[in-house]
Amino acid sequence: MSVGITVAPGIAFPDTSDGRTHVAGAVIADDRGRIFTQRRSAARRIFPHCWDIVSGHVEQGEGMLDTLAREVEEETGWRLTTVLAELFRIAWDPGDGLTRHEVDYLVRVEGDLDAPRLEPGKHTEFMWVDDSLVHRLRDARDPADYFVTDIVRRGLDVVRVR
């Protein structure tokens, strides 16, 4: 699945066969320096009705790059083309006793960026975020859960210098 994806030098993907629960996050940047975000549906068990990046669990036998490509396609209909940088690593537990080991990458995609194919039942709307809109990501969350805002800010900072 990861055929034809360019990975910037120096990016090392973690071993996802170590028995831990891994999550791959795609911080999607467009040519205007904005970052793609999508709102989780109110029915979601974890972070309902909150803004998020494209992300998902690594499945059995899958590597981090394959997961990035799969999640981008499933959540937006776009195709992952480039992994530009590793942005963020975090181990977190949303209160269910299962620690997720998440790595988020700044990426580029191809497809109609004005018309993502959001997953029905999982996401309800999308927003391209620049510096003037990043404050809108801080909605119905506990302030301790603002790491999505931090990830998007980091993506905006990195894309600005590229």
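Residues numbered from 1 in each chain as written. Predicted model: local features only at pLDDT ≥ 70, side-chain atom pairs only at ≥ 80, totals over all residues. Heavy atoms only, no water.

### A few points about the sheet that holds strand S8 (residues 123–129)
The antiparallel open sheet is built from three strands, whose spatial order is S4-S3-S8. Edge positions in the sheet fall to strand S4 (51–52) and S8, since each of these pairs with one other strand and no more. (Pairing = 2+ DSSP bridges. Helix = DSSP H or I, 4+ residues; strand = E, 2+ residues; numbered from the N terminus.)

### Some points on the packing of aromatic side chains
Applying the stated rule across the entire model yields six aromatic pairs. For the pair Trp-78 and Trp-128, a centre-to-centre distance of 5.9 Å together with 25° between the ring planes defines the contact as stacked. Here Trp-78 is found in the loop between helix H1 (64–76) and strand S6 (79–92), whereas its partner Trp-128 is found in strand S8, with 50 residues between them in sequence. There is no split in this pair, since Trp-78 and Trp-128 are both buried. In this structure an aromatic cluster arises from ring pairing among Phe-36, Trp-78, Phe-126 and Trp-128. (Phe/Tyr/Trp six-rings, centres within 6.5 Å; stacked < 30°, edge-to-face > 60°. Buried < 20%, exposed > 50% of the residue type's maximum accessible area, 1.4 Å probe, protein only.)

### Some remarks on the environment of Thr-81
Positionally, Thr-81 belongs in strand S6. Residues in contact with Thr-81, not counting those within four places in the same chain, are Gly-4, Ile-5, Thr-6, Arg-108, Val-109 and Glu-110. Looking at Thr-81, its side chain comes within polar contact range of the side chain of Thr-82, at 3.4 Å. (Contact = heavy atoms within 4.5 Å. Polar contact = N/O pair within 3.5 Å; in protein donor to acceptor, adjacent residues only side chain to side chain.)

### Brief notes about the nonpolar core
Counting 24 residues, the largest nonpolar core has Val-27, Ile-35, Leu-106, Leu-137, Phe-147 and Val-152 as the members making the most contacts within it. Looking at this core, the elements with two or more residues in it are S6, S8 and helix H2 (147–160). No other element matches H2, which puts six residues into this core. What Ile-35 contacts, discounting residues up to four positions off in sequence, is Val-27, Ile-28, Ala-29, Leu-106, Met-127, Trp-128, Val-129, Val-152, Gly-155 and Leu-156. Counting 23 residues, the second largest nonpolar core, distinct from the first, contains Ala-8, Leu-65, Ala-69 and Tyr-105. (Core = buried A, V, L, I, M, F, W, Y, C linked by side-chain atoms within 4.5 Å.)

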